[in-house]
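Coordinate inspection notes
As a plain string of letters, each chain reads:
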Amino acid sequence: MTIDNNIMTAYRRYLRLQRNMSKNTVEAYMLDASKLLNFLATVPAASAGAETSPTPQGKALTDVTLDDLQLFVQSLHEIGIGPRSTCRIISGVKSLFGFMVLDGYIDSDPTELLEAPVVGEHLPEFLTPAEVDLLEDSIDLSKPEGHRNRAIIEVLFSCGLRVSELVNLKWSDIYADERFVRVLGKGSKERLVPISERALKEISNYLPWRNSLKIKPGEEDYVFLNRRGAHLTRVMILIMLKRQADEAGLKKVISPHTLRHSFATALLEGGADLRVIQALLGHESIGTTEIYTHLSMQTLRQEVLQHHPRNMKAMAKK
């Protein structure tokens, strides 16, 4: 449908230019919108509840009602999409219709009364410093990428970077003498993050192999490269970490974000102020950072259960 195509083109431009979102974030929002478009293609143009066969065109975005959206949410559940993912998709759909009202495509927002499913509190997985050491020690340094992979893990844990920030890290962003890295985060916002002596050492150990590569034009400033001399992708790092976790015998589900969570949790348990952690992680809202207070309390509770004499006696009786 031409009108929907026009709306989606304008919406992409709005996200990129007016909302100043990164390319990856824009694509995530567009993917959420595409799920709704695919659903609407099966909805009769006359009415969402009409007992007629869907038209080849389906229903236009400008004709969507709350009933249509509720059926859409129900369809997500039926195909096995969980509550948390559904909430994210609904958030993306609300953003789309908010834009449509703003740009005059529709007069009222049909998502205003759309309710998201209830999601239980989820505490992200994290690694202790000992588990990070175990992960690094499991790397075979005789392999070409060994020192590179060790440096990647140490930088993620020492600096708390997002994986997108790591793959785009450049030599010109590293201030080794001052022990800071300049990070370009979400919304193209810059922040300075301290980098540890150990992380700088691991990067230095990786340099001989990196210098032996035939680096592709335009890739010279990227820190972490693959064998073909091009900078790594997020998927490459995810695969590497999952494989390394298996080799280390870690039972936890490991991703680049796990190391970011580990960075924040280690800081909080070491006594760092929550506002400092917020700045280091590049969180726009302190509410996003507050999840780590729950993580810390969970750890403290476990310590009390295991080591307080009253609890030890109770556990011994079981």
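These notes cover the structure that comes with them. Since we're looking at a predicted model, the values are computed, not measured. (Residues numbered from 1 in each chain as written. Predicted model: local features only at pLDDT ≥ 70, side-chain atom pairs only at ≥ 80, totals over all residues. Heavy atoms only, no water.)

1. A word on the layout of surface pockets
Selection criterion: The method works on a 1 Å grid over the protein atoms by themselves. A cavity is a set of points holding a 1.4 Å probe that cannot get out, a pocket is an open set with protein on both sides within 12 Å along at least five of seven lines, and residues with an atom within 4 Å of a point line them. Grid points are joined across faces, edges and corners, and a volume is the space filled by probe spheres set on the points. A run of DSSP states H or I qualifies as a helix once it reaches four residues; a run of E qualifies as a strand once it reaches two. Both are numbered from the N-terminal end.
Of the pockets and cavities examined, the second largest pocket occupies roughly 440 Å³. Lining the second largest pocket are 21 residues, and of these E145, R148, N149, M240 and R243 lie nearest its centre. For the lining of the second largest pocket, the element with the highest residue contribution is helix 9 (residues 234-248), accounting for seven residues.

2. With respect to helix 5 (residues 129-137)
Condition: Under the scheme applied here, a residue whose accessible area is under 20% of the maximum for its type counts as buried, over 50% as exposed, and between as partly exposed, the area being computed with a 1.4 Å probe on protein chains only. It is the directions from the helix axis to the C-beta atoms that the arc portrays. Whether two residues are in contact is decided by their heavy atoms, any of which lying within 4.5 Å being enough.
Listing the buried residues of helix 5 in full gives E131, V132, L135 and E136. End-on view of helix 5: buried residues confined to an arc of 140 degrees, all on one side of the axis. Exposed and oriented more than 90 degrees from the buried face of helix 5 are A130 and D137. If you follow the buried residues of helix 5, they end up packed against helix 6 (146-159), helix 8 (197-211), helix 9 and helix 10 (256-269).

3. Re helix 1 (residues 2-18)
Here is the rule we go by: Each helix should span, by expectation, one fewer than its residue count multiplied by 1.5 Å.
Here helix 1 spans 23 Å end to end across 17 residues, near enough to the 24 Å set by a 1.5 Å rise per residue. Residues of helix 1 that are buried: D4, I7, M8, A10, Y11, Y14 and L15. Here the buried face of helix 1 lies against helix 2 (23-40) and helix 4 (83-102). Phi for N20, located one or two positions after helix 1, is positive at around 55 degrees.

4. Notes on the packing of helix 1 against helix 2
When two helices pack together, their arrangement is given by the angle between the helix axes and the distance between those axes. Applicable threshold: All axes are obtained by fitting lines to C-alpha atoms, using only the stretch in contact for helices, and the reported angles, taken between N-to-C directions, cover 0 to 180 degrees. Should an angle fall under 35 degrees it is taken as roughly parallel, and over 145 as roughly antiparallel, whereas 65 to 115 is taken as roughly perpendicular and any remaining angle as oblique. Two helices cross in a left-handed way if the nearer one is turned anticlockwise from the farther one by less than a right angle. They cross in a right-handed way if the turn is clockwise. We call Asp, Glu, Lys and Arg charged. Ala, Val, Leu, Ile, Met, Phe, Trp, Tyr, Cys and Pro are nonpolar, and the rest, Gly among them, are polar.
Put simply, helix 1 and helix 2 touch, their axes get as near as 10 Å, and they point 160 degrees apart. One element, helix 1, and the other, helix 2, form an angle in the roughly antiparallel class. When you trace helix 1 past helix 2, the crossing you get is right-handed. Only V26, E27, Y29, M30, A33 and L37 of helix 2 make contact with helix 1, whose side of the interface consists of D4, M8, Y11, R12, L15 and R16. Here the residues of the contact of helix 1 with helix 2 are counted per class, giving eight nonpolar, no polar and four charged.

5. Quick word on the pairing of strand 3 (residues 190-194)
Cut-off, in case you're wondering: Note on pairing: two strands pair once DSSP finds at least 2 bridges between them.
Along strand 3, the buried face is formed by R191 and V193; none of E190, L192 and P194, which line the opposite face, is buried. Pairing analysis gives five bridges linking strand 2 (residues 180-184) to strand 3, with the strands arranged antiparallel. Within strand 3, the position partnered with F180 by the bridge is P194. Hairpin connection between strand 2 and strand 3: a loop of five residues separates the two successive antiparallel strands, and G187 in this loop has a positive phi of roughly 65 degrees.

6. Points about the packing of aromatic side chains
Using the following cut-off: For this analysis, a ring pair means two rings from Phe, Tyr or Trp (six-membered ring only for Trp) whose centres lie within 6.5 Å, classed as stacked if their planes differ by under 30 degrees, edge-to-face if by over 60, and tilted for the remaining angles. Here, a charge over a ring means that NZ of Lys or CZ of Arg falls within 6 Å of the ring centre while also lying within 35 degrees of the ring normal.
All chains considered together, the criterion is met by seven aromatic pairs. With 6.3 Å between their ring centres and 45 degrees between their planes, Y206 and W209 make a pair best called tilted. One end of the pair, Y206, and the other, W209, are both in helix 8, three residues apart, so they sit about a helical turn from each other. The class for W209 is buried, based on a relative accessible area of 17%. Note on Y206 and F224: the rings are 5.6 Å apart at their centroids and 25 degrees apart in plane angle, and the pair reads as stacked. On the criterion of sequence distance, the pair formed by Y206 in helix 8 and F224 in the loop between helix 8 and helix 9 is long-range, its members being 18 residues apart. Like Y206, the residue F224 is buried in the burial classification. Through a chain of ring-to-ring contacts, the aromatic side chains of Y11, Y14, F99 and Y105 assemble into a single cluster. Here the basic side chain of K252 rests over the ring of F126, its NZ or CZ set 5.4 Å away from the ring centre.

That is the geometry; function is a separate question.
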